[in-house]
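# Structural overview
Read off the chains here:
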Amino acid sequence: MKIPPVCLMITAAAATLSIHPSRSVFFYYETVTLSCAVPGNFTGWTVKRNTSTRSSLSCETWGQLHGSSCTIKGVYPSDSGVYWCESDSGECSNTINIRVATGVILQGPAVPLTEGDSVTLNCSYKEKYAKESTSNFNAVFYRNGAFIGNKSEGRLSLIHVSKENEGIYKCVHPTKGQSPEIWLEVRENNIPVATPDPDPDPTPPIALPKLLSTILLFILYTCIFILAVYTYRKWAQARAEAKRKWPDHL
């Protein structure tokens, strides 16, 4: 099910749709609330939906409207569909797909994850008219049709997810069958990695010709110094010798 063409997908200053409880699959008769969060608290946004029978219906026709939120008390399979926020001018938010089922369901996030997030997928079972669901059973989990784990408490934890965790998930109850499949989306983390700043005043490397010139000057000055010391010592020795021979002439 897709949003009709009249909905303009605009990201700038658009609303964000959230859902409570934060998952995409629900049992019969659960209460679900969808809310539009709008930057700057702009008004004129409402929750709409497409189902298998009707399209682009506002909250007033299928739920209870409370400001920018819409609540469905007692969801039913006819509430399965795609939901979004829409402004009076036709701007649209992100979409959330909802599915209502009975028996075994896999409870996963309704919105995409970001790389590095952690999430727990709950495999739950509930009879149609039962008051409570249970996850206290041995559940088998699959991703893209491949076995990934067998959990005794019906919970699969994914820690610090990456794009490798993205895919279609389902779980299987030991006696009650399998859940509907859910799509787990993982988006790249676009936060740039911090790099150390370069030295604000780095010492430039000494060029080879300059280095050779420095060495030659050092050798030259050293030779001059040694020659001067040698000359002085010879002069001092000669003076001392002359004074010893002709004391009266000095």
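Residues numbered from 1 in each chain as written. Predicted model: local features only at pLDDT ≥ 70, side-chain atom pairs only at ≥ 80, totals over all residues. Heavy atoms only, no water.

A few words on a nonpolar patch on the surface. Taken together, Leu211, Leu212, Ile215, Leu216, Phe218 and Ile219 make up a surface patch of nonpolar side chains, about 600 Å² in accessible area. Counting through the fold element by element, Ile215 comes out in helix H1 (residues 208–245). (Patch = residues over 30% accessible without salt bridge, like charges linked within 9 Å, V, L, I, M, F, W, Y side chains within 5 Å. Areas by Shrake-Rupley, 256 points an atom, 1.4 Å probe, with all protein chains shown as cover. Salt bridge = Lys/Arg side-chain N within 4 Å of Asp/Glu carboxyl O. Helix = DSSP H or I, 4+ residues; strand = E, 2+ residues; numbered from the N terminus.)

To continue, consider the pairing of strand S4 (residues 31–37). Only one face of S4 is covered, namely the one carrying Val32, Leu34 and Cys36; the face carrying Thr31, Thr33, Ser35 and Ala37 has none of its residues buried. Relative to S4, strand S2 (residues 16–20) is paired through five bridges, and the arrangement is antiparallel. What sits directly across from Ile19, in S4, is Leu34. (Buried < 20%, exposed > 50% of the residue type's maximum accessible area, 1.4 Å probe, protein only. Pairing = 2+ DSSP bridges.)

In this section: unusual backbone geometry. The general pattern is negative phi for most residues beyond glycine and trans for most peptide bonds. Look at the link from His20 to Pro21: it is a cis peptide, with omega at -5°. Tracing the sequence through the fold places Pro21 in the loop between S2 and strand S3 (25–27). With phi around 55°, Asn144 is a residue other than glycine that occupies positive phi space. One non-glycine residue, His160, lies in positive phi territory at about 50°. Topologically, His160 is positioned in the loop between strand S16 (155–158) and strand S17 (167–173).

Before going further, it helps to examine the pattern of salt bridges. Enumeration according to the criterion identifies five salt bridges in this entry. The closest approach of N and O atoms between Arg23 and Glu30, which form a salt bridge, is 2.5 Å. The residues Arg23 and Glu30 share a single accessibility class, namely buried.

Spatially, S2-S4-S8-S7 is the arrangement adopted by the four strands of the open sheet, whose pairing is antiparallel. Both outer strands of the open sheet, S2 and strand S7 (64–66), are each paired with one neighbouring strand and no more. Ignoring strand direction, the axes of neighbouring strands in this sheet form an average angle of 20°. Pairing of S4 with strand S8 (residues 69–73), which is carried by five bridges, proceeds in the antiparallel orientation. Across the sheet, Val32 pairs through a bridge with Ile72, a residue of S8. (Axes fitted to C-alpha atoms, helices over the stretch in contact; angles between N-to-C directions.)

Turning to the sheet that holds strand S13 (residues 119–126), a few remarks are in order. In spatial order, the strands read S11-S13-S16; together these three strands make up an open sheet with antiparallel pairing. Each edge of the open sheet carries a strand with a single partner, namely strand S11 (103–107) and S16. Within the sheet, the average angular offset between the axes of one strand and its neighbour, ignoring direction, is 10°. In the sheet, S11 pairs with S13 via five bridges, with the strands oriented antiparallel.

This part is about the state of the cysteines. This structure, assessed with the given rule, holds three disulfides. Put simply, Cys59 and Cys70 are joined by a disulfide, and their sulfur atoms are 1.8 Å apart. Because the sign of the S-S torsion sets the handedness, a value of about 85° for the bond joining Cys59 and Cys70 places this disulfide among the right-handed ones. Placement of the pair is Cys59 in the loop between strand S6 (57–58) and S7 and Cys70 in strand S8, with a sequence separation of 11 residues. Taking the relative accessible area as the measure of exposure, Cys59 reaches 0% and is therefore buried. For Cys70, a relative accessible area of 0% corresponds to the buried category. The disulfide bridge from Cys123 ends at Cys171, spanning 2.1 Å between sulfur atoms. One quick way to see it: the torsion about the S-S bond of Cys123 and Cys171 is about 80°, and its sign makes the bridge right-handed. On the criterion of sequence distance, the pair formed by Cys123 in strand S13 and Cys171 in strand S17 is long-range, its members being 48 residues apart. (Disulfide = S-S within 2.5 Å.)

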